[in-house]
Amino acid sequence: MPLHLCIKVTQGPPIELDGVLPERLRGSAPDAIRAWPIWRGNRRVALGDCFVIAGDASDGVLAIEGDLSGVHAIGQGMTQGEIHVHGRGGHRLGMEMAGGRIRVEGDVGDGLGLAMSEGTIAVSGSAGDLVAGARPGAKRGMTGGVITIGGAIGGFAGLKMRRGLLAVAGGCGQGLGHGMIAGTIVVGGDCGNHAGVEMRRGSIVLCGRTSPRPPLTFRPAGSFRPVFLRLLVRELERLEFAVDPNILATDLELYHGDMLALGKGEIWIRS
């Protein structure tokens, strides 16, 4: 049986779960897990003060359940194992993640996969701003791994993204891929304005039917049915991510840019 945490406090200061990770809890005695120190607001408290705890961590799986909108930094710095979140998650879920897998059955807040370098995050619901983005002042955002989202996301997703794959079934806010260095972003719904501003390399694929044109600093290169898209769709299907079956039979318009940056990025837009 995996280690199971069920939140028992939903009012009051926010809870920070950084450091509560499968690889760190594995082998710990039940009393030690209940006494595990976490932050609640500006006070240090025990994990057992905020959660009902059952099971053990010997199999490297951690399940967290309840209204977790005030619980932040779930899976921060995770390197191995699995975390299953049943309910809405807070901000910075999977921040600086370097391995393992996180699955969320619900929505999450801002900063999902912030500065992530490896691993997989799958969210069934929606997410806030700065998905796969960069920390304030950092030169790079997400540098590897995979994030799939079943709903919509907020603005500035993929900010300074360096590597990895971000796939969103719904729409997204403005500033998608701002300052993107490399990597791949796929958006199934409509996209906000200013996608790809200061983009240097990488690919943004916009599958929505009414997505706006790229900024004027992008150069049109024609309409195609790119071969790489078949490989990308196959990989997304392997990840159990829903893909519009008609997209492979649809022409996509290609734009190169941002010409004010390196100019080797690609934005593909459904014709």
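See the structure above.
Residues numbered from 1 in each chain as written. Predicted model: local features only at pLDDT ≥ 70, side-chain atom pairs only at ≥ 80, totals over all residues. Heavy atoms only, no water.

With that settled, consider the overall build of the chain. Scanning the chain from N- to C-terminus turns up 4 helices and 17 strands. Here the chain has a C-alpha radius of gyration of 19 Å; the compact-globule value for 271 residues is 18 Å, and the two agree. Principal axes of the C-alpha set define a box for the chain whose edges measure 65 × 35 × 30 Å. When contacts within the chain are restricted to residue pairs at least 6 apart in sequence, those whose partners lie at least 24 apart make up 41%. If you sum the accessible surface of the chain, you get close to 11,800 Å²; carbon and sulfur atoms cover 51% of it. Averaging the positions of the 28 positive and the 26 negative side-chain charges in the chain gives two centres separated by 6 Å. (Helix = DSSP H or I, 4+ residues; strand = E, 2+ residues; numbered from the N terminus. Rg over C-alpha atoms; globule rule 2.2 N^0.38 Å. Contact = heavy atoms within 4.5 Å. Areas by Shrake-Rupley, 256 points an atom, 1.4 Å probe, with all protein chains shown as cover. Lys, Arg positive; Asp, Glu negative; His and termini not counted. Charge placed at Lys NZ, Arg CZ, Asp CG, Glu CD.)

Attention now goes to the pairing of strand β8 (residues 82–86). Bridge analysis of strand β6 (residues 61–65) against β8 gives 5 bridges, and the strand direction is parallel. Directly across from V61, in β8, lies its bridge partner E82. Relative to strand β9 (residues 98–105), β8 is paired through 5 bridges, and the arrangement is parallel. Each bridged residue has a counterpart across the sheet, and for V85 the counterpart in β9 is V104. (Pairing = 2+ DSSP bridges.)

Now for the sheet that holds strand β4 (residues 43–46). The strands that make up a sheet pair up through hydrogen bonds in the backbone, lying either parallel or antiparallel. One open sheet accounts for 4 strands, arranged β4-β3-β2-β7; its pairing is mixed. A single partner strand is all that each edge strand has here, and the edge strands are β4 and β7 (71–72). The pairing of strand β2 (residues 15–16) with β7 spans 2 bridges and is parallel. From the neighbouring strand, I15 faces β7, where its bridge partner is V71.

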